Amino acid sequence: MKPQLPTGKTADPTVYIIDDDRSVRAALEDLLASVSLRAKSFASVQDFLAFDLPGAPACLVLDVRMPGQSGMDFLEHMTEYGLHLPTVMITGHGDIAMGVKAMKDGAIEFLTKPFRDQDLLDAVHRGIEADRTRRLREAANADVARRWASLSSGEKDVAQLVATGLLNKQIAADLGVSEITVKVRRGHLMRKMNTRTLADLIRLLDRIQPT
Amino acid sequence: MTNSGKFKLERRLVLTIVLLPVAMVVIFVGDTVTDYAIAAAVFYTPVILVATRLLPAGTVVALAFACVALTLLSFALTHSGAYEVGIVNTGISIVAIGVTTYLSLKLVAAEAAAHESRERLLRMARITSLGELTASIAHEVNQPLAAIATSAGACRRWLAQEPPAIANAQRAADRIVEDANRASAVIARVRGLASGKAPHRERFDFNALVREVVALAGERGERSGITVRLSLQHDLPAILADRVQVGQVVGNLLLNAVEAIEAKTGGAKTLEIVSETEDGNRIRFSVIDSGAGFRQGELEHLFDAFWTTKKDGVGLGLTISRSIIEANGGRIWAETDKDGGAIARFSLPAGMGAIE
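Residues numbered from 1 in each chain as written. Chains lettered and ligands numbered in written order. Predicted model: local features only at pLDDT ≥ 70, side-chain atom pairs only at ≥ 80, totals over all residues. Heavy atoms only, no water.

So, about the confidence of the model for chain A. The share of residues in chain A with pLDDT of 70 or more is 94%, and the mean pLDDT across the chain is 88. For the stretch residues 1-9 of chain A, pLDDT sits under 50, and the model shows 11 contacts to residues farther than four places along the chain or on other chains. (pLDDT = per-residue confidence, 0-100. Contact = heavy atoms within 4.5 Å.)

Take a look at the structure:
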């Protein structure tokens, strides 16, 4: 599940709502619409899982108590479904222990019904922002990985040694090639990785884990 | 019980009704053809034992008399053997039949009583431990409240737009009305739940009920070192009410009193339970405890829902008690005792005449 989407800046963010209560869903959809946020709601976790998520930044508003799989249970196992959605938990009857567990399981907010509309909107906005940032970072990482993959094995060797701070001369000795070859490969790899300075290259290499 | 289980039981019953007379005839014939020295009549006792398991008490008694009659008849018909030995054996057989009948009927009655009080205890537990109930009530009420608050937020935002989105705001307002009605329906359902079904009224001995409940709650009182004084008027008329429901109220008042006494440190620990007639056609029940009594202004809220004087109380026990007593045609109230403790009282209409 890594859609090769536009960076996410252009796609409209969507708020997903999972709550078994029809009127709560309707009210939430309307509230989000009133601040021009697109929402899509589901009556159960099963319905949500059956839905094919587009790759736009998103936030999930999840009810704790539902027939079938409960919201708490779904939150706990969400990453196993390959989902990384910032999640706002809402519940009609919650206690501190439940709230703590939700936050430990990665929820960004835990609201008890009835909640202040502004609290929910703030949390949803934060969630969307977090998801947008994550998507941008993932897209950028994917780009770096693609560039890295385009390097020849000789160039990869040079890149890794450069990153450790060795001089061309030392790299040449290490790899058993001429210093000229090292210089040529270095030029190629800098171009392919689209970097100008050594510092940039090291930063990029940090984001992928070269194997 | 499953259908097949019921069917099995019915078949067993039919089989027994056929087999019991057959067994009795066999015993009778055996008793008659053997001489006086053989007390075949004692074999009637297993017949009685089987019968008490399956037949109503009246039928069992009739059966026992039949057995005694058959024993006497076969004594008269038998001619062989020593006559004196026959008299003794016949006497022993009749006593055995009588004692067996008495004891087994007692046993069945005791089992039924135990079953009944277990069931009552269960119902009481259900009404006194309200944690689960409140959790689901909270959930049920908070759903529409959440929808209302959220819709109100949306409505405000539609109106604040430039120009205001009147149609959208209207829709949100309609949803608010709908959900408010839904919340009120939930409350109505909870009230229905609390007052229970229409009471099943029967005439019963109120003092007996009080003694049963006191016995159930007694252990708790004993543990806390409370002296319980029962002043039950002995010629109390029977009352006409739902026995189980009234039992729940009595239990609730007793537990409240015990908790009030436990909460107070120092001083006497007494609990007085009084039943008496009131105006001739009502009975009045009072629980007088030596607890801390009521503070200023507490008396008038006592029976309000979700209002409690206890630290971790839910505030439903007395509310439910009131709806039960009122549904049974009575009234319930509280007073302050002259010694500072609390008095909880209710009165109920008497049925006609005393019990038995």
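Next up on the list: helix H2 (residues 44-54) of chain B. An α-helix turns once every 3.6 residues. As a result, residues three or four positions apart point the same way. Taken as a whole, H2 of chain B has its buried residues at Tyr-44, Thr-45, Val-47, Ile-48, Ala-51 and Thr-52 of chain B. All buried residues of H2 of chain B fall inside an arc of 150 degrees around its axis, so they share one side. (Buried < 20%, exposed > 50% of the residue type's maximum accessible area, 1.4 Å probe, protein only. Helix = DSSP H or I, 4+ residues; strand = E, 2+ residues; numbered from the N terminus. Arc of directions from axis to C-beta.)

The next point concerns the sheet that holds strand S1 (residues 14-18) of chain A. Residues and elements named next belong to chain A. Read from one edge of the open sheet, five strands run S2-S1-S3-S4-S5, paired in parallel fashion. Among the strands making up the open sheet, the edge pair consists of strand S2 (38-42) and strand S5 (109-112). Across this sheet, the average inter-strand angle for adjacent strands is 20 degrees, counted without regard to direction. For S1 and S2, the ladder comprises five bridges, and the chain directions are parallel. If you follow Ile-17 over to S2, its bridge partner there is Ser-41. (Pairing = 2+ DSSP bridges. Axes fitted to C-alpha atoms, helices over the stretch in contact; angles between N-to-C directions.)

Attention now moves to the interface of chain A and chain B. Taken residue by residue, the interface counts 24 residues in chain A and 24 residues in chain B. Carbon and sulfur atoms make up 53% of the area that chain A and chain B hide from each other, which totals about 1900 Å². For chain A, the biggest contributors to the area lost against chain B are Asp-30, Ser-34 and Arg-65 of chain A; these three give 25% of the whole. Notably, a salt bridge pairs Arg-157 of chain B with Asp-117 of chain A, separated by 3.2 Å at the nearest N-O pair. Summed over the shared surface of chain A and chain B, the number is 13 residue pairs in polar contact (both at pLDDT 80 or more). Elements represented by at least two residues in the side of chain A that touches chain B include exactly helix H1 (22-34) and helix H5 (117-149) of chain A. Of the residues forming the side of chain A that touches chain B, the biggest block, 10 residues, is contributed by H1 of chain A. For the side of chain A that touches chain B, the residue count by class is 10 nonpolar, five polar and nine charged. (Buried area = accessible area lost by both parts, 1.4 Å probe. Salt bridge = Lys/Arg side-chain N within 4 Å of Asp/Glu carboxyl O. Polar contact = N/O pair within 3.5 Å; in protein donor to acceptor, adjacent residues only side chain to side chain. Nonpolar A, V, L, I, M, F, W, Y, C, P; charged D, E, K, R; others polar.)

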